[in-house]
Amino acid sequence: MRQRGKITMTVDTPQLATAIRTPAFLRPRPVGAPALRLVGFPHAGGSAAGYHPLGRLLPPDWDLLLLDLPGRGQRHAQPSLGSMAEVLLCALSDLRPWLDGTPLALFGHSYGAVLAYEVALALQDLGRPPVWLGVSGRVAPGVTAGGLARLYDLDDRRLTEQLVALGGLPPALAEIPELLERFLGPVRADLRVLDTYRPRPHRPRLSCPLTALCGTDDPLAPAAGLPAWRDETDARFRLRTFPGGHFYLLGDGLDAFARAVVADAGGTDA
């Protein structure tokens, strides 16, 4: 098994928060004493609000935590972070109050898939491994990602055009300069983090089941680059593909995506 130095971090178990909104997380429908807690990590520049509709499609005894990273959503006034190491430490700090013994499942899309994977490794090091990891719209560590390199170096017009084409930016938003300017800053920061991210060469495999998900027409995460995720876990691996592009899971694709998450995170065979 691959080995690496463990993260050292003291994990307390404070009283579970009950607020719908916390400084870091949006909870679409808080559940007391949940059977499972699902944590969602957003795509580059994305906020928790984009995954809010997922809450209505989960089992009633599942709690959903949607992370807002600095620079967007509830934390829009905070500066965006500049490296995956900084983002990982921030996410771990945000999760500390929720490590109360409730089974924890992690899901991330694109940029969020990398963060969810790194969080899963860190929690495993801390003796609090997740029960499931879902990685969407991102090729496995060590596999060259598809799409255009260094998107963050494009000027505002060309970057906006690329984001609209990928489905990551509503065309109407591109017509509002103030909102567009606010949106592009975190996007550039996240894309730069992704470009400089390098997985640790001697990391262990995960002990939890892992599902890799993608759209059949995703230029940023071609389906051929996802089976290598199998090498990142000693537990069950599942590959799921869906019709659509990079944002196959939003809009009309949400129901099918949610069914897959419920089946895999819940340990069923659907």
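Only a predicted model underlies this, so the values are computations on that prediction, with no experimental measurement involved.

Rules of the game
- Residues numbered from 1 in each chain as written.
- Predicted model: local features only at pLDDT ≥ 70, side-chain atom pairs only at ≥ 80, totals over all residues.
- Heavy atoms only, no water.
- Helix = DSSP H or I, 4+ residues; strand = E, 2+ residues; numbered from the N terminus.
- Pairing = 2+ DSSP bridges.
- Contact = heavy atoms within 4.5 Å.
- Axes fitted to C-alpha atoms, helices over the stretch in contact; angles between N-to-C directions.
- Expected span 1.5 Å × (residues − 1).
- Buried < 20%, exposed > 50% of the residue type's maximum accessible area, 1.4 Å probe, protein only.
- Left-handed = near helix turned anticlockwise from the far one by under 90°.
- Nonpolar A, V, L, I, M, F, W, Y, C, P; charged D, E, K, R; others polar.
- Phe/Tyr/Trp six-rings, centres within 6.5 Å; stacked < 30°, edge-to-face > 60°.

Draft legend 1. Just unusual backbone geometry, in detail. Phi at Ala33 takes a positive value of approximately 50 degrees, unusual for a residue other than glycine. Relative to the helices and strands, Ala33 is located in the loop between β1 (25-26) and β2 (36-41). Even without glycine at this site, Ser110 takes up a positive phi of about 60 degrees. Relative to the elements of secondary structure, Ser110 occurs in the loop between β4 (104-109) and α2 (111-125).

Draft legend 2. Region of the structure containing the sheet that holds strand β7 (residues 237-242). As summarised here, the arrangement of the seven strands in space is β1-β3-β2-β4-β5-β6-β7, forming an open sheet in which the pairing is mixed. Whereas interior strands pair on both sides, the edge strands pair on one side only; in this sheet they are β1 and β7. Each of β1, β2 and β3 (62-67) is contacted by helix α1 (residues 84-95), which is oriented at about 150 degrees to β2, the strand it contacts most. On top of the sheet, helix α5 (residues 254-265) reaches β2, β3, β4, β5 (132-136), β6 (210-215) and β7; it is set at about 170 degrees to β7, its chief contact.

Draft legend 3. Here's a closer look at α1. Taking 1.5 Å per residue as the helical rise, α1 with its 12 residues ought to reach 16 Å, and the 16 Å between its terminal C-alpha atoms agrees with that figure. Residues of α1 that are buried: Met84, Val87, Leu88, Cys90, Ala91, Leu92, Asp94 and Leu95. If you follow the buried residues of α1, they end up packed against β1, β2, β3, α2 and α4 (177-196).

Draft legend 4. Representation of the packing of α1 against α2 within the structure. Contact pair α1 / α2: the axes reach a minimum separation of 10 Å and the direction vectors enclose 65 degrees. The two elements α1 and α2 meet at a crossing, and its hand is right-handed. Of the residues in α2, those touching α1 at Met84, Val87, Leu88, Ala91, Leu92 and Leu95 are Tyr111, Val114, Leu115, Glu118, Val119, Ala122 and Leu123. Residues that form the contact of α1 with α2 fall into these classes: 12 nonpolar, no polar and one charged.

Draft legend 5. Inspection of the packing of aromatic side chains at higher detail. Here the structure, examined in full by the defined rule, presents six aromatic pairs. Measuring from ring centre to ring centre gives 5.4 Å for Tyr117 and Trp229, while their planes differ by 80 degrees; the resulting arrangement is edge-to-face. Highlighted residues: Tyr117 in helix α2 and Trp229 in the loop between β6 and β7, separated in sequence by 112 residues. Their ring planes at 75 degrees and their centres at 6.3 Å tell us that Tyr248 and Phe257 sit as a pair that is edge-to-face. Both residues of the pair, Tyr248 and Phe257, belong to the buried class. Pairwise contacts between aromatic rings join Tyr51, Phe107, Phe242, Tyr248 and Phe257 into one cluster.

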